[in-house]
Structure formats: C-alpha cells, structure tokens
Amino acid sequence: MAQSVTRILVLIAGICMAATEAQADGQGSYVPCDNGLRCVMAPCPSTSALDLTTGKVVKGVWVDIDGLPQQDKALDLPDKLYAGKLVVAGTIENRPHSFNGKQYSLPTLVATGIERTAKDSERKHCSPR
C-alpha cells in the first residue's frame, strides 16, 4: 500500500513538473481560425486564436507555421487552421510585419507542433460556415 501511494505521488510530481516546464518556456495550446472579419486594407485581423489555458481569444493574430516539424505540415494544413480544426502548440509573440511599406507589430502565433483535433466547443470563436 505504501508503495502504491509513493508511485502515485511520484506520478503527480512528474505531471506537475511537466506542466511547469511547458508554462516556463511560454508554450501554450491555441485554436486558430478565421473570425469572419473582412477589411479592405492590411493588416486585417481576420484570424483569432483561442488560448486554451486562459480561455481568452487573441484577435488579429498571424499564424507562423515555418517552425512546425515536416510531418505536421499536411497538404490541407491552411484549410484546417482556417476552419479551427486543430489545436496548435506554440507561443504568441508580437512580431514586425510590413504591409504597403509600413511596419506593424502584430500578435503572431509561432506554431511549434500540432497537438490534436479541436473540439466543437473550442471552435465557438470561429466564423460559422
């Protein structure tokens, strides 16, 4: 019995350490998708990302998939991101982007991996289709 309790405590400690490491390196889980907004000039805030940790929606986010492993770069990845079908691991950073010769600092979801398929409840912030 004491051995079982010790194993459980070690397991719990391992889970807590993994969660702390993920938070320490700024990694989070996000559901990016089209939010239905349209505009005539860039930058256009037509993509939003739901932060699954806080429940907050980051509006006007740019998604950078360059750092994804090759196996995560599926042929229809842009379509899946547009529709909010994936949970993406990564960080949100303010990065410079240039439009029409002007510099803008925009929130950028720097994707580092694809975690899983998003649930319907996680796509509520997405534009209905």
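Here goes a summary of the coordinates provided. (Residues numbered from 1 in each chain as written. Predicted model: local features only at pLDDT ≥ 70, side-chain atom pairs only at ≥ 80, totals over all residues. Heavy atoms only, no water.)

1. Re the nonpolar core
- Core analysis: the biggest nonpolar cluster contains 10 residues, these being Tyr30, Ala49, Val61, Leu68, Leu77, Leu81, Leu86, Val88, Leu109 and Ala111.
- With residues near it in sequence (within four places) discarded, Tyr30 still touches Ala49, Leu50, Asp51, Leu86, Val87, Val88, Gly90, Thr91, Ile92 and Leu109. (Core = buried A, V, L, I, M, F, W, Y, C linked by side-chain atoms within 4.5 Å. Buried < 20%, exposed > 50% of the residue type's maximum accessible area, 1.4 Å probe, protein only. Contact = heavy atoms within 4.5 Å.)

2. Some words on the pattern of salt bridges
- Per the stated rule, a full pass over the model turns up six salt bridges.
- In this structure, Glu122 engages Arg116 in a salt bridge whose closest nitrogen and oxygen atoms are separated by 2.7 Å.
- The partner of Arg123 in a salt bridge is Asp120, with the nearest N and O atoms 2.2 Å apart.
- Judged by relative accessible area, which is 22%, Arg123 ranks as partly exposed.
- What you see here is one network of salt bridges that share partners, running through Asp64, Glu93 and Arg95. (Salt bridge = Lys/Arg side-chain N within 4 Å of Asp/Glu carboxyl O.)

3. Section: the side chain of His97
- Mapped onto the elements of the fold, His97 is located in strand 5 (residues 86-99).
- Taking the relative accessible area as the measure of exposure, His97 reaches 13% and is therefore buried.
- In terms of polar contacts, His97 uses its side chain to reach the side chain of Thr108, at 3.1 Å.
- Beyond its immediate stretch of four places on either side in the chain, His97 contacts Trp62, Lys102, Gln103, Tyr104, Leu106 and Thr108. (Helix = DSSP H or I, 4+ residues; strand = E, 2+ residues; numbered from the N terminus. Polar contact = N/O pair within 3.5 Å; in protein donor to acceptor, adjacent residues only side chain to side chain.)

4. Some points on the pairing of strand 1 (residues 28-34)
- Of all the seven residues making up strand 1, seven are buried; the element is thus mostly covered by neighbouring parts of the structure.
- Alignment of strand 1 against strand 5, held across three bridges, turns out to be antiparallel. Counterpart to Ser29 in the pairing with strand 5 is Ala89.
- Strand direction decides the pairing type here: strand 1 and strand 2 (residues 47-51), joined by five bridges, are antiparallel. For Pro32, the partnering residue across the bridge sits in strand 2 and is Ala49. (Pairing = 2+ DSSP bridges.)

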